[in-house]
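# Notes for the structure review
Next come the chains, spelled out residue by residue.
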Amino acid sequence: MRRGATVLAALAAVLLPTAAPAAATTAPAAGMASARRDLPEPPPVDVVRVELDELTVEAPHSIDGYSRERFPHWIKIAGECDTRETVLARDGQGVVQDDLCRAVAGTWTSPYDDKAFTDAKALDIDHMVPLAAAWRS
């Protein structure tokens, strides 16, 4: 189960390419410390694909005990910046953040289908698999 959780986390981390934000167009949010905690780099897509291929798929288990509240949401990384906004800034190009650290402009490209996105609200960085489905499996 731990390996499955690790692979799911890795898959979520590689949804977006790892690209350094463009310094000239990136505006850090107010209160964002220069010494913020850096997120680990996602593993390469080919490594994740190999690990996914090695997973054993079983019949779904019971949903007993599942509760969305068991899974806390985003943690603060620095100032107003939470995990989501930090990942969006890390993986996008030309990302501009408002004073609440929300990505209000930028471009993100999917490494899986090369689709480009310019609206951060259209991106999921965590739920490649819905939590209830992960609980059952």
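What comes next is a walk through the structure. (Residues numbered from 1 in each chain as written. Predicted model: local features only at pLDDT ≥ 70, side-chain atom pairs only at ≥ 80, totals over all residues. Heavy atoms only, no water.)

### A closer look at the packing of aromatic side chains
Applying the stated rule across the entire model yields three aromatic pairs. Seen from their ring centres, Tyr66 and Phe71 are 6.2 Å apart, and the 35 degrees between their planes marks the pair as tilted. For Tyr66, a relative accessible area of 25% corresponds to the partly exposed category. Note on Phe71 and Trp135: the rings are 6.2 Å apart at their centroids and 90 degrees apart in plane angle, and the pair reads as edge-to-face. A residue pair is termed long-range when its members are at least 10 positions apart, and Phe71 in the loop between helix H2 (45-53) and strand E1 (76-78) and Trp135 in helix H4 (residues 131-136) qualify at 64 residues. Three or more aromatic residues link up through ring pairs in this structure, and these residues are Tyr66, Phe71 and Trp135. (Phe/Tyr/Trp six-rings, centres within 6.5 Å; stacked < 30°, edge-to-face > 60°. Buried < 20%, exposed > 50% of the residue type's maximum accessible area, 1.4 Å probe, protein only. Helix = DSSP H or I, 4+ residues; strand = E, 2+ residues; numbered from the N terminus.)

### Examining the side chain of Asp98
Considering the arrangement of structural elements, one finds Asp98 in the loop between strand E3 (93-97) and strand E4 (103-109). Since its relative accessible area comes to 17%, Asp98 is described here as buried. Within polar-contact distance, the side chain of Asp98 engages the side chain of Arg102 at 2.7 Å. (Polar contact = N/O pair within 3.5 Å; in protein donor to acceptor, adjacent residues only side chain to side chain.)

### Concerning helix H3 (residues 83-91)
Counting buried positions along H3 gives nine out of nine residues, so the element sits mostly inside the fold. Measuring from the backbone nitrogen of Arg84 back to the side-chain oxygen at the start of H3 gives 3.1 Å, which picks out Asp82 as the cap.

### Description of the state of the cysteines
Scanning the entire structure with this criterion turns up one disulfide. One disulfide in the model links Cys81 with Cys101; its S-S distance is 1.9 Å. Around the S-S axis, the bridge from Cys81 to Cys101 shows a dihedral of about 95 degrees and counts as right-handed. With Cys81 in strand E2 (residues 81-82) and Cys101 in the loop between E3 and E4, this residue pair connects regions lying 20 residues apart in the sequence. By relative accessible area, which is 1% here, Cys81 ends up buried. Since its relative accessible area comes to 0%, Cys101 is described here as buried. (Disulfide = S-S within 2.5 Å.)

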